[in-house]
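Here is what each chain is made of, one letter per residue.
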Amino acid sequence: MRKRGPVLVAMSGGVDSSVAAALLVRRGYDVIGLTMQIWQESQTDPRHAGCCSLGAVEDARRVARVLGIPHYVMNFKDEFRTSVIENFISEYAAGRTPNPCVQCNKHVKFEILLQKMHELGCEKLVTGHYARIRFDKATCRYKLMRARGDEKDQSYVLYSLDQDQLRYSWFPLGEMPCKAATRKLATDLGLSVADKPDSQEICFVSEAGGYSEFLRKHRPDIFAEGDMVDLEGKPVGRHTGIPEFTIGQRRGIGLSPKNGRPLYVIELKPQDNKVVVGQAEDLMQKEVSLHEMSWSGPEEFDGPVRVLAKIRYNMDAQRATLYGGPTPRLVFDQPVKAVTPGQIAVAYRGKTVFAGGTIQKRS
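An account of the accompanying structure is given in this report. (Residues numbered from 1 in each chain as written. Predicted model: local features only at pLDDT ≥ 70, side-chain atom pairs only at ≥ 80, totals over all residues. Heavy atoms only, no water.)

1. Quick word on the overall build of the protein
The condition is simple: Helix and strand labels come from DSSP, where a helix needs a run of H or I of at least four residues and a strand needs a run of E of at least two; each type is numbered from the N terminus. With C-alpha atoms as the basis for the radius of gyration, the globule rule is written as 2.2 Å multiplied by the number of residues raised to the power 0.38. With a 1.4 Å probe rolled over the protein chains alone, any residue whose accessible area is under 20% of its type maximum counts as buried; one over 50% counts as exposed, and the rest are partly exposed. By definition in these notes, contact holds between two residues if any of their heavy atoms fall within 4.5 Å. Method for areas: the Shrake-Rupley scheme with a 1.4 Å probe, in which residue coverage is limited to the protein chains shown. We count Lys and Arg on the positive side and Asp and Glu on the negative side, and we leave His and both chain ends out. Where a charge lies is defined by one atom per residue type, namely NZ (Lys), CZ (Arg), CG (Asp) and CD (Glu).
When helices and strands are counted, the protein shows 8 helices and 17 strands. Taking 363 residues into account, the globule formula puts the C-alpha radius of gyration at 21 Å, and the protein, at 22 Å, falls close to it. C-alpha atoms of the protein, sized along the principal axes, occupy 75 × 50 × 35 Å. Counting across all 363 residues of the protein, residues that qualify as buried make up 51%. Across the protein, every contact between residues at least 6 apart in sequence was considered, and the portion connecting residues at least 24 apart equals 64%. Accessible area for the protein stands at about 16,900 Å²; split by element, carbon and sulfur atoms hold 47% of it. Mean positive and mean negative side-chain charge positions of the protein (51 and 43 charges, respectively) differ by 5 Å.

What follows is the structure, encoded as structure tokens:
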């Protein structure tokens, strides 16, 4: 059979990208596997190994050998540090909570890796993400869509892909009904990673100490003691550094319940070195200010338009109205909890990603 392709598969060493590569081999494509070496440290717990550990590189190499495809490892450590790690640190220093996976997708996987795809003469960049891409003949534009199965849909972290990136990308697992089906297929194909656990944490953060220890190692200067205050600005305690906290946090804030009700982090004020605390209802708000927008639907948009939107990866999309123009914002029908500057808000029209942006502030 005459082979189709060639295609470049980003192989992280996990079950998803391994199955994506295997599917295309089985369909007769000329497949090239590539693993990005983006972080030096090795993890002892596979749940924390992600796509960065030395063990993950070996897993990808073993899968490529079983599939009979060429496999390359390329060093992207400098690019990853500049685009992802430095952003991660600076965002926490500014009192925001970043999403490093979004930054990695935007600046490394679908920017630098796409360049490598073209250099290798490949027609598509294939990854193990759970999402779909469709070409809309009516608008002559590519659409990013939710995965067929909602369980593992990853369109949220891919919202920023532009038309050129969508044109050359392919997500075969977007048609899978669930992760269990992917694992079964990996078993049927004889892939050694079939039962490998999913990564649970940020790939460059070790299992011991978490992100706080990582930040203390790289930027100890941003950990300064300061006041914890209530909504009226009255001191109610002390904190050991703003990066220790995130909006909506209840555990570990070191304060006793007020009137028998737990306290939560409501706002971070790095300019005053203060952590604002309050009660559960103080976390609720309807309006979210956005910036750094990506418009996946129309080329230009002022709004308003009705959408379903989410402000966290693992939340159910809620009904809202999206406004464009110079000050983009989402107004939810019902208040949503713990709007967090630095995180991502994504708006959908049906199954299609319409727009997304970075949460700028509590409105």
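2. A few points about the sheet that holds strand β10 (residues 264-269)
The following threshold applies: A pair of strands is labelled paired if DSSP reports no fewer than 2 bridges between them. Orientation is described by lines fitted to C-alpha atoms, with helices fitted over the stretch in contact, and by angles between N-to-C directions that extend from 0 to 180 degrees.
Taken in spatial order, the 4 strands of this open sheet run β9-β8-β11-β10, and their pairing is mixed. Each edge of the open sheet carries a strand with a single partner, namely β9 (235-239) and β10. Here the average twist between neighbouring strands, direction ignored, is 30°. Sheet topology places strand β8 (residues 226-229) next to β9; 4 bridges connect them, and they run antiparallel. The residue of β9 that forms the bridge with Met228 is Gly237.

3. Concerning the nonpolar core
Grouped burial of nonpolar side chains is what soluble globular proteins tend to show. Just so we agree on the cut-off: Take the buried Ala, Val, Leu, Ile, Met, Phe, Trp, Tyr and Cys residues and link them wherever side-chain atoms come within 4.5 Å; each set so joined is a nonpolar core.
Counting residues in each nonpolar core, the largest one holds 45 residues, and the members touching the most others are Phe80, Leu158, Phe171 and Phe204. Here this core takes 6 residues from helix α3 (residues 77-93), the largest share from any one element. Discounting chain neighbours no more than four positions away, the residues touching Phe171 are Phe110, Thr127, His129, Ala131, Arg132, Ile133, Leu144, Leu158 and Leu161. Formed by 27 residues, the second largest nonpolar core is a distinct cluster that contains Val19, Ala22, Ala147 and Leu191.

4. Examining the sheet that holds strand β1 (residues 4-10)
In space, the 5 strands of this open sheet follow the order β3-β2-β1-β4-β7, with parallel pairing throughout. Each edge of the open sheet is held by one strand with a lone partner, namely β3 (71-75) and β7 (169-170). Summarising the sheet, strand β4 (residues 124-126) and β7 pair through 2 bridges and their orientation is parallel. For Leu125, the partnering residue across the bridge sits in β7 and is Ser169.

5. Here's the deal with the packing of aromatic side chains
For clarity, the cut-off: Stacked, edge-to-face and tilted are the three classes for Phe, Tyr and Trp ring pairs, Trp counted by its six-membered ring, which pair at centre distances within 6.5 Å; planes under 30 degrees apart are stacked, over 60 edge-to-face, the rest tilted. By definition here, charges over rings are those cases where NZ of Lys or CZ of Arg is within 6 Å of the ring centre and within 35 degrees of the ring normal.
Following the criterion strictly, the structure yields 10 aromatic pairs and no others. Judged by centre distance (6.0 Å) and plane angle (75°), the ring pair of Phe88 and Phe214 falls under edge-to-face. One end of the pair, Phe88, is in helix α3; the other, Phe214, is in helix α8 (residues 210-218), with 126 residues separating them in the sequence. You'll find Phe88 and Phe214 in the same group, each marked buried. Stacked on the ring of Tyr313, the Lys or Arg Lys310 has its end atom at 5.8 Å from the ring centre. Stacked on the ring of Tyr323, the Lys or Arg Arg329 has its end atom at 4.1 Å from the ring centre.

6. So, the packing of helix α1 (residues 15-26) against helix α7 (residues 179-188)
This is how the line gets drawn: Just so you know how the angles are binned, under 35 degrees is roughly parallel, over 145 roughly antiparallel, 65 to 115 roughly perpendicular, and the rest oblique. Left-handed describes a crossing whose near helix is turned anticlockwise from the far helix through less than a right angle; right-handed describes the clockwise counterpart. Residues are grouped as follows: Ala, Val, Leu, Ile, Met, Phe, Trp, Tyr, Cys and Pro are nonpolar; Asp, Glu, Lys and Arg are charged; all remaining types, including Gly, are polar.
With their axes 10 Å apart at the nearest point, α1 and α7 run at an angle of 60° to one another. With respect to each other, α1 and α7 are oriented oblique. In the packing of α1 onto α7, the handedness of the crossing is left-handed. Contacts between α1 and α7 involve Val15, Asp16, Val19, Leu23 and Arg26 on the former and, on the latter, Lys179, Thr182, Arg183, Leu185 and Ala186. Class assignment of the residues belonging to the contact of α1 with α7 gives a composition of 5 nonpolar, 1 polar and 4 charged.

7. Some details on the packing of helix α4 (residues 100-109) against helix α5 (residues 112-119)
Between α4 and α5, whose axes approach to 5 Å, the crossing angle comes to 30°. Judged by the inter-axis angle, α4 sits roughly parallel to α5. Between α4 and α5, the residues in contact are His107, Val108 and Lys109 and Ile112, Leu113 and Leu114, respectively. The residue inventory of the contact of α4 with α5, partitioned by class, reads 4 nonpolar, 1 polar and 1 charged.

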